[in-house]
Amino acid sequence: MKIEDIVKSSSPLALEKRTILNVMFTQNIIGERLLEVMKEHDLSLEQFNVLRILRGQKGCPVNMTLIQERMIARTSNTTRLVDKLEAKSLVTRNICPDNRRKMEVLITPKGLQLLAAVDPKVQEVESMFTTQLSPEELEHLNDLLEKLRGDVCPSKKSN
């Protein structure tokens, strides 16, 4: 279905606007499906992201800054997310022995078990959207999206 039909536009949309609306609308649909999976496990998408970041550290604790740098939604309040995960016993937080002003966060076995249960469901949602495209089309779409982001990617904040 065309984006003009979805938003019920009475006139044709400018190509640039149509492109951005398509990206935003698609992101919302995918996010809603993923959120359904997360709700089954009492997680938010941001909490899930933190757990995946921690799992990727392979048992090494990390500080809050590293978690924030790797977040998909960088506007998230990382401290609040870690507080909620710690309350669920999915992560631990300890004072860094080398710098007492820093906290180190580590995923717990319970957190790893939760990810093991959620991962297949997330994969199912991802496949639901991506199986409609060939591997070549997926590569091309990734290239285009990376090109679309260009230099506006928030990985480096200017001072």
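What you are looking at is a predicted structure, and each value in this text was computed from that prediction instead of being measured.

**What about a negative patch on the surface?**
Together, Glu-136, Glu-137, Glu-139, Asp-143 and Glu-146 give the surface a local cluster of negative charge. For Asp-143, the location among the structural elements is in helix α7 (residues 135-149).

**Quick word on the pattern of salt bridges**
Side chains that differ in charge, positive against negative, can pair when their charged atoms come close. In the structure shown here, the tally under the stated rule is 5 salt bridges. Between Lys-88 and Asp-42 there is a salt bridge, with its nearest N and O atoms 3.7 Å apart. One end of the pair, Lys-88, is in the loop between α5 (78-87) and β2 (91-95); the other, Asp-42, is in the loop between α2 (15-40) and α3 (45-55), with 46 residues separating them in the sequence. Accessibility expressed as a relative area gives 22% for Lys-88, which makes it partly exposed.

**Thoughts on the packing of α3 against helix α6 (residues 109-130)**
Across the interface, α3 lies against α6 with an axial gap of 11 Å and an inter-helix angle of 115°. Here α6 runs roughly perpendicular to α3, going by the angle between their axes. For the pair α3 and α6, the sense of crossing is left-handed. Along the contact surface, α3 presents Phe-48, Leu-51, Arg-52 and Arg-55, while α6 presents Leu-112, Leu-114, Leu-115, Val-118, Asp-119, Val-122 and Glu-126.

**So, the pairing of strand β3 (residues 103-107)**
Within a regular beta strand, the side chains point alternately toward one face of the sheet and then the other, so they alternate between its two faces. As paired strands, strand β1 (residues 62-63) and β3 are joined by 2 bridges and run antiparallel to one another. Across the sheet, Asn-63 pairs through a bridge with Glu-104, a residue of β3.

**Some words on a nonpolar patch on the surface**
Taken together, the side chains of Ile-20, Val-23, Met-24, Leu-133, Leu-141, Leu-145 and Leu-148 define a hydrophobic patch exposed on the protein surface, amounting to about 540 Å² of accessible area. At the level of secondary structure, the elements contributing two or more residues to the nonpolar patch comprise α2 and α7.

**Looking at the environment of Glu-86**
Note on placement: Glu-86 falls in helix α5. When the C-alpha atoms of Glu-86 and Ile-107 are compared, they prove to be 9.2 Å apart, with 21 residues separating the residues in sequence. Of note is the side chain of Glu-86, whose polar atom sits 2.7 Å from the side chain of Arg-93.

Scoring rules and cut-offs
Residues numbered from 1 in each chain as written. Predicted model: local features only at pLDDT ≥ 70, side-chain atom pairs only at ≥ 80, totals over all residues. Heavy atoms only, no water. Patch = residues over 30% accessible without salt bridge, like charges linked within 9 Å, V, L, I, M, F, W, Y side chains within 5 Å. Areas by Shrake-Rupley, 256 points an atom, 1.4 Å probe, with all protein chains shown as cover. Salt bridge = Lys/Arg side-chain N within 4 Å of Asp/Glu carboxyl O. Lys, Arg positive; Asp, Glu negative; His and termini not counted. Charge placed at Lys NZ, Arg CZ, Asp CG, Glu CD. Helix = DSSP H or I, 4+ residues; strand = E, 2+ residues; numbered from the N terminus. Buried < 20%, exposed > 50% of the residue type's maximum accessible area, 1.4 Å probe, protein only. Axes fitted to C-alpha atoms, helices over the stretch in contact; angles between N-to-C directions. Parallel < 35°, antiparallel > 145°, perpendicular 65-115°, else oblique. Left-handed = near helix turned anticlockwise from the far one by under 90°. Contact = heavy atoms within 4.5 Å. Pairing = 2+ DSSP bridges. Polar contact = N/O pair within 3.5 Å; in protein donor to acceptor, adjacent residues only side chain to side chain.

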